[in-house]
Amino acid sequence: MKSLCFSPRTASLSISRQSNSPSLSSTARRRFSQSEIEHAIDAAAAIIMKWDAETSAYAGVTSLFHESKREAMQFTKSVNELQDIMHLLVSDQDSGSEKFSQAQRLMQIAMKRLQKEFYQILSTNRADLDPESVSTRSSRTSTSMSDYDDDGLPDDEIRPAGDSITELEDVSSTAMSDLKLIADCMIASGYAKECIRVYKIIRKSIIDEGIYKLGIEKLSSSQVNKMDWDVLDWKIKNWLDAEKISLRTLFKGERILCDHVFSSSDSIKESCFAEISKEGATLLFGFAELVAKAKKSPLEKMFRVLDMYTAISEDWQEIETIFAFESVSAVRLQAINSLVRLSESVLSLLTDFESTIHKDSSKAMTPGSGLHRLTMYSMDYLTLLADYGNILTDIISDWPPPAKSSLPESFFDSPVSDDSPRPAISVRIAWLILVLLCKLDCKSKHYKDVSLSYLFLANNLQHVISRVRASNLMYLLGEEWITKHEAKVRQFAANYERLAWGQVFASLPENPMASMTGGKAKECFMKFTSSFEDAYSKQCSCVVPDLKLRDEIKASIGTKVVAVYREFYDMHKSTVGEESSEKLFVRFSPEDVGNYLSELFFATVSSGSSSTSSSTSSHHHRYMRSLLRA
């Protein structure tokens, strides 16, 4: 088919041929006689000149498409017929005739009018054609390629997918249909360049304005590195919202509009969308790469990096769909580069986190053998990391496993066994906890009282297990891991009990019901009193934050002390002599012992000091101190 391109400035004519199309001249000749040609030119002149802004004041202030949709259809129909006539005249080698010159002048006037209408529709409907409205409308309505019937009459209703559409969607649909009608007419008439220029100018300004309103700005690496974390953190959170909005509304809506308006030409809709969206989209995804390269601490940066990686990876299919054109491949490439940089940043930050644990050199003992700040910080960090399990699995799937040589061999009895293959993320998390436990083992040696070091280990390992159970870490590490480490907690607790309360256990006879002399009974009571006071004075400031572990330790001590002491007390209290002698040698009743033990391990650590949890506990401690001074 021959396609004609007429320039309004030079009134020149160029012809390009496609060998697989039929000759337009024979088609046109069958349709038009000489008189019909003259009549068609006159008919076209009547409506075209009516809307010539240079000769009609009315046309200068009125919109054709807004004033009369029926007349707008007649206008474009006349232009299309005029185009057929010009093809016919060219094929008959009559392009120098007066009729051809008249048709060409009319075509230039018509194209100028349509270009103005195109601009007016785009300008006056900015709000109705904003990308959000277009994308929303697209998801709720189904519109034919043209909202006009075969007779050239406008349909009264847009075809909705649901029962009804809003007035805003109706306006948007009408504007889109008008724009497509004009674009089709101008492209077919060889005036695509003028149509495209108007479209690009207006629509790019809308995209650029949208990007600006979403808070996306052009930044350099040095600017990002110099930002205070609070500022950068705010920008990242803003970017996370902007990324979703821009893909689901801004770029998606523009792609829908561009595809609809220029549906008659794949090359035109591609070039238009590329020029309109490429700069803004590249700027959007480029920010993620800048953040990935920024030098910030692991605690501050890791989870924002993971959030950004998650956002891009979850939206990747939409990115590929919206920016499928080869002309916007730079956008896809930027998104991919950002994912690569973000993943590299995550690996680097995980390495930094492990190094932070290794390098913790504080020797200060935790008051009450309670939770070390490193334990709480590390588990907070790992618990949050576990929430990104799927993303981390993607990132570290090909990361080499950790080198075991950096830790003592004794620590490899369970967490990262090679017996069965495990997911890379599970191995890495287990390894980081192993590094933490090894560091805690080193710190426990700073306690001069070995019993306190075991209580410290029991408390901190129990905290690790509790955080694992209450988070997604449980799914990464598994029940077997938890069971093995719970056994270690019981072992630590038993060692603490043996070393801290062993003298108290030993002060009581193996057979408390066996008969003995009054002197022997007095000796036993004095030995028990002394050992119990000594043990209690050392342990009364200890803390066991975990309720279950606290109850288990107290129950175990109570069974071995209170129950045995009660039998001995009931059997031998009367043998120590008269009341004054009894008060001297029997300082505690079984109830007293039980009460003191029940108040153990409630001390709470705050700002490096310990404080009791209740006034009752304070009373018992004061009473014990008075006994010790007696």
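These numbers come from a predicted model, not from an experiment.

The rules behind each value
- Residues numbered from 1 in each chain as written.
- Predicted model: local features only at pLDDT ≥ 70, side-chain atom pairs only at ≥ 80, totals over all residues.
- Heavy atoms only, no water.
- Core = buried A, V, L, I, M, F, W, Y, C linked by side-chain atoms within 4.5 Å.
- Buried < 20%, exposed > 50% of the residue type's maximum accessible area, 1.4 Å probe, protein only.
- Contact = heavy atoms within 4.5 Å.
- Salt bridge = Lys/Arg side-chain N within 4 Å of Asp/Glu carboxyl O.
- Helix = DSSP H or I, 4+ residues; strand = E, 2+ residues; numbered from the N terminus.
- Disulfide = S-S within 2.5 Å.
- Axes fitted to C-alpha atoms, helices over the stretch in contact; angles between N-to-C directions.
- Parallel < 35°, antiparallel > 145°, perpendicular 65-115°, else oblique.
- Left-handed = near helix turned anticlockwise from the far one by under 90°.
- Lys, Arg positive; Asp, Glu negative; His and termini not counted.
- Polar contact = N/O pair within 3.5 Å; in protein donor to acceptor, adjacent residues only side chain to side chain.
- Phe/Tyr/Trp six-rings, centres within 6.5 Å; stacked < 30°, edge-to-face > 60°.
- Lys NZ or Arg CZ within 6 Å of the ring centre and 35° of its normal.
- Expected span 1.5 Å × (residues − 1).

J.: What is the right way to read the nonpolar core from this model?
T.: One broad trend across soluble globular proteins is that nonpolar side chains are buried collectively. Counting residues in each nonpolar core, the largest one holds 177 residues, and the members touching the most others are Phe118 and Phe262. Other than its neighbours up to four places away in sequence, Phe118 contacts Leu179, Ile182, Ala183, Cys195, Val198, Tyr199, Val261 and Phe262.

J.: Which parts of the structure should I look at to understand the pattern of salt bridges?
T.: Oppositely charged side chains can form a pair if their charged atoms are brought close together. All chains considered together, the criterion is met by 34 salt bridges. Its salt-bridge partner being Arg469, residue Glu486 comes within 3.4 Å of it at the nearest N-O pair. A residue pair is termed long-range when its members are at least 10 positions apart, and Glu486 in helix α20 (residues 473-507) and Arg469 in helix α19 (residues 450-469) qualify at 17 residues. Its relative accessible area of 23% is what places Glu486 among the partly exposed residues. Among the residues examined, Arg469 registers a relative accessible area of 35% and is labelled partly exposed. Residues participating in the shared-partner salt-bridge network are Asp233, Lys237, Arg304 and Asp307.

J.: Looking at this structure, I do not really get the state of the cysteines. What am I missing?
T.: Defined simply, a disulfide is a covalent bond joining two cysteines at their sulfur atoms. What the rule picks out here adds up to zero disulfides. Its sulfur unpaired, Cys195 is 7.5 Å from the next cysteine sulfur, which belongs to Cys272. Residue Cys195 is classed as buried on the basis of its relative accessible area, which comes to 1%. You can see Cys542 has no disulfide; the closest cysteine sulfur is in Cys540, sitting 7.9 Å from it.

J.: Could you clarify how one ought to interpret the packing of helix α11 (residues 229-261) against helix α13 (residues 298-314) in this entry?
T.: To characterise two packed helices, one gives the angle between the axes of the helices and the distance between these axes. Between α11 and α13, the least distance of the axes is 10 Å, while the angle of their chain directions is 15°. If you check the angle between α11 and α13, you find them roughly parallel. In this structure, the crossing between α11 and α13 has a hand that is left-handed. Together, Trp229, Asp233, Ile236, Lys237, Trp239, Leu240, Glu243 and Lys244 of α11 and Glu300, Lys301, Arg304, Asp307, Met308, Ala311, Ile312 and Glu314 of α13 make up the contact between the two elements.

J.: Hey, could you run me through the side chain of Lys554 in this one?
T.: For Lys554, the location among the structural elements is in helix α22 (residues 547-572). Although Lys554 is buried, it makes no salt bridge; Asp551 carries the closest opposite charge, 4.7 Å away. Within polar-contact distance, the side chain of Lys554 engages the backbone oxygen of Ser598 at 2.8 Å. For Lys554, the residues in contact, after removing those within four places along its chain, are Leu597, Ser598, Leu600, Phe601 and Phe602.

J.: How should the packing of aromatic side chains be read in this particular structure?
T.: The description of an aromatic ring pair rests on the distance of the ring centres and on the angle between the ring planes. Inspection of every chain in the model, using the stated rule, returns 25 aromatic pairs. The interplanar angle of 45° and the centroid separation of 6.0 Å between the aromatic rings of Tyr377 and Tyr381 together place this pair among those described as tilted. Highlighted residues: Tyr377 and Tyr381, both in helix α16 (residues 373-386), separated by four residues, approximately one helical turn. Under the relative-accessibility criterion, Tyr377 is labelled partly exposed at 25%. With relative accessibility at 2%, the residue Tyr381 sits in the buried group. On the basis of an interplanar angle of 85° and a centroid distance of 6.5 Å, the ring pair of Phe525 and Tyr569 is categorised as edge-to-face. Of this pair, Phe525 sits in helix α21 (residues 518-539) while Tyr569 sits in helix α22; the two residues are 44 residues apart in sequence, bridging distant segments of the chain. On the accessibility criterion, Phe525 (0% relative accessible area) is buried. Note on Tyr569: relative accessible area 13%, which makes it buried. Arg428 extends its terminal NZ or CZ atom over the ring of Trp399, reaching a point 3.8 Å from the ring centre.

J.: Would you mind going over unusual backbone geometry with me for this structure?
T.: Most peptide bonds take the trans form, and the phi angle of most residues other than glycine is negative. The backbone of Ser369 sits at a positive phi, close to 55°, despite the residue not being glycine. The class of Ser369 is buried, set by a relative accessible area of 1%. We note that Phe601 has phi near 70°; this positive angle belongs to a residue other than glycine. Along the chain, Phe601 falls in the loop between α24 (590-598) and β3 (604-606). Classification of Phe601 as buried rests on a relative accessible area of 1%.

J.: What am I meant to see in the side chain of Ser453 here?
T.: Secondary-structure assignment places Ser453 in helix α19. Ser453 gets classed as buried once you look at its relative accessible area, which sits at 9%.

J.: Mind showing me how you'd approach α16 here?
T.: Since the α-helix advances by 3.6 residues per turn, residues separated by three or four positions end up pointing in the same direction. Spanning 14 residues, α16 covers 20 Å between terminal C-alpha atoms, matching the ideal 20 Å at 1.5 Å per step. Restricting attention to buried positions, one finds in α16 the residues Leu374, Thr375, Ser378, Met379, Tyr381, Leu382, Thr383, Leu385 and Ala386. Packing partners of the buried residues in α16 comprise α13, α15 (329-359), α17 (389-396), α18 (424-444), α19 and α20.

J.: I would appreciate a short explanation of the packing of helix α9 (residues 192-213) against helix α12 (residues 266-293) in the present structure.
T.: It is the contact of α9 with α12, at a shortest axis distance of 9 Å, that shows an interaxial angle of 20°. When the axes of α9 and α12 are compared, the pair comes out roughly parallel. Crossing geometry of α9 relative to α12 is assigned as right-handed. Across from Ala192, Ile196, Tyr199, Lys200, Arg203, Lys204, Ile207 and Ile211 in α9, the residues of α12 making contact are Ile268, Ser271, Cys272, Glu275, Ile276, Glu279, Gly280 and Leu283.

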